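Each chain is listed here by its residues.
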Amino acid sequence: MKTKTLKKDKVNIITLGCSKNMVDSEVLSGQLLANEIDVVHESAKKDHNIVVVNTCGFIDKAKEESINTILEQVELKQHGRLDKVYVTGCLSERYRGDLESEIPGVDAWFGTMELPLILKKFDADYKAELLGERLLSTPTHYAYLKIAEGCNRTCSFCAIPLMRGGHVSKPIEAIVTEAEKLVNSGVKEIMLIAQELTYYGLDLYKQRKLADLLRALANVKGLEWIRLHYAYPHKFPMEILDVMKEFPNICNYIDMPLQHAADNMLKAMKRQITRGEMEELVTAIREKVPGIALRTTLITGFPGETLEDVEELKAFLEKMRFDRVGVFTYSHEEGTSAYDLEDNIPAEEKERRAQEIMEVQQEISLEKNQEMVGKIYRVIVDKKESGRYLARTEFDSVEVDNEVIINTTKRLKPGEFVNVRITKAYDYDLEGELV
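Just so it is clear, the structure is predicted and the values come from calculations on it, not from any experiment.

## Here's the deal with the pattern of salt bridges
The final tally for this structure, using the stated rule, is 41 salt bridges. Its salt-bridge partner being Arg-215, residue Glu-246 comes within 3.7 Å of it at the nearest N-O pair. One end of the pair, Glu-246, is in helix α9 (residues 239-246); the other, Arg-215, is in helix α8 (residues 210-218), and 31 residues separate them in sequence. Residue class for Glu-246 comes out partly exposed when judged on its relative accessible area of 47%. Judged by its relative accessible area of 33%, Arg-215 falls in the partly exposed class. Each of Glu-305, Glu-311, Lys-314, Glu-349, Arg-352, Arg-353 and Glu-356 takes part in one network of salt bridges that share partners.

## Section: the UniProt feature "binding site: [4Fe-4S] cluster 1" (unreviewed entry) in the protein chain
In this structure's numbering, the residues bearing the UniProt feature "binding site: [4Fe-4S] cluster 1" (unreviewed entry) are Cys-18, Cys-56 and Cys-90. Sequence-wise these annotated residues cover 73 residues; spatially they are packed, their C-alpha atoms never more than 10.5 Å apart. Mapped onto the elements, Cys-18 comes out in the loop between β1 (10-15) and α1 (19-34). For Cys-18, a relative accessible area of 33% gives the class partly exposed. Checked against the element boundaries, Cys-56 lands in the loop between β3 (50-55) and α2 (60-78). Overall, Cys-56 belongs to the buried group, its relative accessible area being 10%.

## Comments concerning the pairing of strand β16 (residues 403-406)
The side chains of a regular strand alternate between the sheet's two faces. Relative to β16, strand β15 (residues 388-392) runs antiparallel, the two being bridged by three bridges. When the bridges of β16 are listed, Tyr-389 appears paired with Ile-406. The pairing of β16 with strand β18 (residues 429-434) spans four bridges and is parallel. The partner of Val-404 across the bridge, within β18, is Leu-430.

## Comments concerning the sheet that holds strand β5 (residues 108-109)
The strands that make up a sheet are held in pairs by hydrogen bonds between backbone atoms, and each pair lies either parallel or antiparallel. If you trace the five strands from one edge of the open sheet to the other, you get β2-β1-β3-β4-β5, paired in parallel fashion. The outermost strands of the open sheet, each flanked by one partner alone, are β2 (38-41) and β5. Alignment of strand β4 (residues 84-89) against β5, held across two bridges, turns out to be parallel. What sits directly across from Val-87, in β5, is Trp-109. Against the sheet, α2 contacts β1, β3, β4 and β5, and its axis sits at roughly 170 degrees relative to β3.

## What about unusual backbone geometry?
Of note, the phi angle at Tyr-230 is positive, near 65 degrees, even though the residue is not glycine. Phi is positive for Glu-399, close to 70 degrees, though the residue is something other than glycine. Turning to its location among the elements, Glu-399 is positioned in the loop between β15 and β16. With relative accessibility at 74%, the residue Glu-399 sits in the exposed group.

## Remarks on the packing of aromatic side chains
Remark: the centre distance and the inter-plane angle together describe each pair of aromatic rings, the angle taken between the planes. Taken as a whole and judged by the stated rule, the model has six aromatic pairs. Considering the side-chain rings of Trp-225 and Phe-417, the 5.1 Å spacing of their centres and the 75 degrees angle between planes classify their relative orientation as edge-to-face. Highlighted residues: Trp-225 in strand β10 (residues 225-228) and Phe-417 in strand β17 (residues 417-425), separated in sequence by 192 residues. For Trp-225, a relative accessible area of 3% corresponds to the buried category. On the numbers, 6.3 Å between centres and 85 degrees between planes, the contact of Tyr-377 with Phe-395 is edge-to-face. Linking Tyr-377 in strand β14 (residues 376-385) with Phe-395 in the loop between β15 and β16, this pair joins segments that are 18 residues apart in sequence. Across this residue pair, the class does not change: Tyr-377 and Phe-395 are buried. Over the ring of Phe-322 we find Arg-286; its NZ or CZ atom is 5.9 Å from the centre of that ring.

## Quick look at the sheet that holds strand β6 (residues 142-146)
Taken together, the six strands give an open sheet; going across it, the order is β6-β9-β10-β11-β12-β13, and neighbouring strands pair in parallel fashion. Sheet topology places β6 and β13 (324-329) at the edges, where each strand pairs with a single neighbour. Sheet twist, expressed as the average angle between the axes of neighbouring strands with direction ignored, equals 20 degrees. Here three bridges tie strand β11 (residues 250-255) to strand β12 (residues 293-300), and the two strands are oriented parallel to one another. Each residue of the ladder has a partner; that of Asp-255, found in β12, is Arg-295. The strands touched by helix α13 (residues 347-370) within the sheet are β12 and β13, with β13 carrying the most contacts at an inclination of about 175 degrees.

Criteria and thresholds
Think of each chain on its own: its residues are numbered from 1, step by step along the sequence as written. Restriction of local features to residues with pLDDT of at least 70 applies here, the model being predicted, together with a cutoff of 80 or more for giving and counting side-chain atom pairs; totals for whole chains, interfaces and linings are based on all residues. Values shown for side chains rest on all heavy atoms present in the structure; no hydrogens or waters enter the calculation. Any carboxyl oxygen of Asp or Glu that lies within 4 Å of a side-chain nitrogen of Lys or Arg is treated as forming a salt bridge with it. A helix here means a DSSP run of H or I that spans at least four residues, while a strand means a run of E at least two residues long, and both kinds are numbered starting from the N terminus. Type-normalised accessible area, obtained with a 1.4 Å probe on protein chains alone, sets the label of each residue: buried when under 20%, exposed when over 50%, and partly exposed for intermediate values. UniProt positions are given in the numbering used here, feature names are shortened, and annotations may be inferred rather than shown by experiment. One requirement defines pairing of two strands: DSSP has to find at least two bridges between them. Should any heavy atoms of two residues lie within 4.5 Å, those residues are counted as being in contact. Axis angles are defined between N-to-C directions and span 0 to 180 degrees, where every axis is a line fitted to C-alpha atoms and, for a helix, only to the segment in contact. For Phe, Tyr and Trp, where Trp contributes only its six-membered ring, two rings pair if their centres lie within 6.5 Å, and the inter-plane angle classes them as stacked under 30 degrees, edge-to-face over 60, or tilted in between. Ring-over charges, as used throughout, are those where CZ of Arg or NZ of Lys falls within 6 Å of the ring centre and within 35 degrees of the ring normal.

Below is the structure:
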């Protein structure tokens with residue numbers, strides 16, 4: 001007589017939103033693997049029977065994408081192609097009550113900090129000794145490293161503290177251990193992320209400790225590049241620039257979202273800084289680390305923003321000439337202090353303003369890229385695509401910044417460092433030849 005064997009669970013994790021969510025998904029998958037449960041990231045194969053959707057609840061577009069993804073998975077379950085659908089992350093943290101009644105097909109909802117509870121659904125144990133053990137969803141040569149959770153800032157447009165809570169730093173030793181494990185698994189470049197890097201250590205050590213953390217990480221053997229994402233301009237810890245100069249494996253790169261330049265907008269956004277102070281800070285950073293690449297993000301269409309404010313923002317960009325810029329349109333988020341203001345600018349107008357700002361930056365970006373032609377840079381190879389290699393300089397982060405296109409018959413490996421002479425410049429990309 002044949003006996004029916006029980007099919008082993010296989011979990012597919014779908015991650016939406018930012019790199020911080022990606023790290024959470026990688027940690028969850030590491031825990032599941034340690035409990036001998038098969039897990040994959042965003043598998044195109046249909047050989048899994050359980051899905052975990054890690055959602056984003058930051059702005060309207062992200063919420064919409066998260067809800068659509070959940071509905072797609074619930075539909076697959078209704079057609080018998082999945083056994084379970086679990087939902088975690090920021091959207092779930094923020095709107096769990098509403099979502100439970102509106103999408104009853106989901107088997108369980110979890111907040112942003114409920115990893116042990118998710119594991120319980122798989123009869124799995126949370127293994128604290130697995131610090132830093134992750135199944136990377138990125139290529140093996142780079143990884144994001146989260147140094148803190150949450151945020152203590154009160155920016156009027158931002159819902160992150162509602163979803164992630166207050167700022168909680170990870171101890172330096174724990175971060176270094178995680179970095180060492182990543183390097184041992186083949187990672188060459190680590191991108192430090194947090195809601196706000198520059199606040200790091202205040203809660204744990206009663207003083208800002210980002211400089212000490214950088215020094216400790218720079219000494220990790222085999223770690224080629226360390227990159228800083230999401231620095232807050234108010235009370236910026238200038239001492240990190242000394243460490244940046246001291247260690248060649250800390251990239252001359254800072255991602256510092258400024259959000260606006262008009263003082264009335266900065267005040268309404270509760271940014272704790274003026275345009276004049278931002279200009280002084282940027283000048284001081286560039287004096288301290290000549291050649292540093294500065295990336296910033298800006299918001300258009302905040303309640304009350306006038307066309308004069310937009311002109312001021314454009315003038316600010318032309319004056320400060322940032323290396324990399326991203327522009328978001330304002331999203332009216334319940335629970336934030338800006339929600340009390342009237343969201344009085346139509347979506348199309350917000351988009352038009354964002355486009356106008358990006359056109360200013362496009363010219364700046366092209367001019368800066370043209371200055372690189374003829375010079376030699378050390379780049380990291382990311383992948384091969386359409387017969388050519390795509391790489392990055394230390395001045396460019398993954399997916400958001402410029403790429404260097406290398407045409408060569410020589411075989412290059414992802415994660416390999418090569419020297420390239422820049423031969424052509426475009427708005428947001430470069431072409432180069434191997435030296």
